[in-house]
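Structural features, examined
So the chains spell out like this:
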Amino acid sequence: MKHIILFISLLAPVLANAGPSTEVAWTPETLNLVKKGDLAKGKKLAESCAGCHGENGVSALSEYPSLAGQVANYTYKQLMDYAKGHRVNTLMTSIAGGLSEQDAADLAAWFSSLTPPPAKQGDKELAKAQQLVEAGDGKRIIPPCFTCHGGNGRGEKMDVPALAGQQADYTANTLLAYKKGERHNDIYSRMRLIVQQLSDDEIKELAQYYQQMH
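Overview of the structure. Given the structure is predicted, the values throughout are model-derived calculations rather than measurements.

Quick look at the packing of aromatic side chains now. What describes a pair of aromatic rings is the distance from one ring centre to the other and the angle between the planes of the rings. The full count for this structure, using the stated rule, is 2 aromatic pairs. Ring plane angle 50° and centroid distance 6.2 Å describe the contact between Trp26 and Tyr76, whose orientation is recorded as tilted. Of this pair, Trp26 sits in the loop between α2 (11-17) and α3 (28-35) while Tyr76 sits in helix α6 (residues 72-84), and the two are 50 residues apart along the sequence. Exposure class is identical for Trp26 and Tyr76. Each is buried. Between the aromatic rings of Tyr209 and Tyr210, the centroid separation amounts to 5.9 Å while the plane-to-plane angle is 90°, which identifies the pairing as edge-to-face. Accessibility assignment for this pair places Tyr209 and Tyr210 in one class, buried.

Our focus in this paragraph is the side chain of His53. Within the secondary structure, His53 is located in helix α5 (residues 50-53). Leaving out residues up to four positions away in the same chain, His53 has contacts with Val58, Ser59, Pro65 and Leu67.

Moving on to the side chain of Arg183. Tracing the sequence through the fold places Arg183 in the loop between α11 (168-180) and α12 (190-195). Among buried charged residues, Arg183 stands out as having no salt bridge; its nearest opposite-charge side chain is Asp81, 6.4 Å away. What Arg183 contacts, discounting residues up to four positions off in sequence, is Tyr74, Gln78, Arg87, Tyr170, Thr174, Ala177, Tyr178 and Arg192.

Further remarks concern the pattern of salt bridges. In the structure shown here, the tally under the stated rule is 7 salt bridges. For Arg140, the salt bridge identified is with Glu202, shortest N-O distance 2.9 Å. Of this pair, Arg140 sits in the loop between α9 (127-134) and α10 (146-149) while Glu202 is found in helix α13 (residues 200-211), placing the two residues 62 residues apart along the sequence. Given a relative accessible area of 26%, Arg140 falls into the partly exposed group. The class of Glu202 is buried, set by a relative accessible area of 17%. Here Asp200 and Lys179 are joined by a salt bridge, their closest N and O atoms 2.9 Å apart. Here the residue Asp200 occupies a position in helix α13, and Lys179 occupies one in helix α11, the gap between them amounting to 21 residues. Take Lys179: its relative accessible area is 26%, and that puts it in the partly exposed class.

About the criteria used
- Residues numbered from 1 in each chain as written.
- Predicted model: local features only at pLDDT ≥ 70, side-chain atom pairs only at ≥ 80, totals over all residues.
- Heavy atoms only, no water.
- Phe/Tyr/Trp six-rings, centres within 6.5 Å; stacked < 30°, edge-to-face > 60°.
- Helix = DSSP H or I, 4+ residues; strand = E, 2+ residues; numbered from the N terminus.
- Buried < 20%, exposed > 50% of the residue type's maximum accessible area, 1.4 Å probe, protein only.
- Contact = heavy atoms within 4.5 Å.
- Lys, Arg positive; Asp, Glu negative; His and termini not counted.
- Salt bridge = Lys/Arg side-chain N within 4 Å of Asp/Glu carboxyl O.

Structure follows, in structure tokens:
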């Protein structure tokens, strides 16, 4: 808890000058929309996603994320952020721009219902990453990753993504984008504040750690 309190204390100067990171507000209506997403319609819509994200939501391409088993609220938020320009990617901005809020909810529900990606075996020593995930770093006021992403890497039901089994290259590139300020749709700048304190090697090791997490 003390890690979280100290971390939040760093947010004030950032929030004072920050613009909105998203237009998604977790109202009861929005939460209910995602919760009641139509799986059949989502499955149909997801057919066009298979080229990058895999037939069953598990990507075979290291630069694209697996979406199977992803927290539905998170997927919905990302699609809406792409559509509104709060997260930028030429391909995804175009795709999301053609989706209704209902379409996004249906897709999010469908991908969430799928079996999460399996862990990938690795033989690297990842002690530094394990330390950051389980204990954080008090000297740098970095909270343990598990406090938000869960002890099993499955994320949190509101909008914190699952990371277990995710493509290491994708996770590393995402964290580096936060570090460089190229991605800025994290609420309260929470990820930007954290990754700015991490070395590029630590980021890559964390990405590998989560890819290997069961």
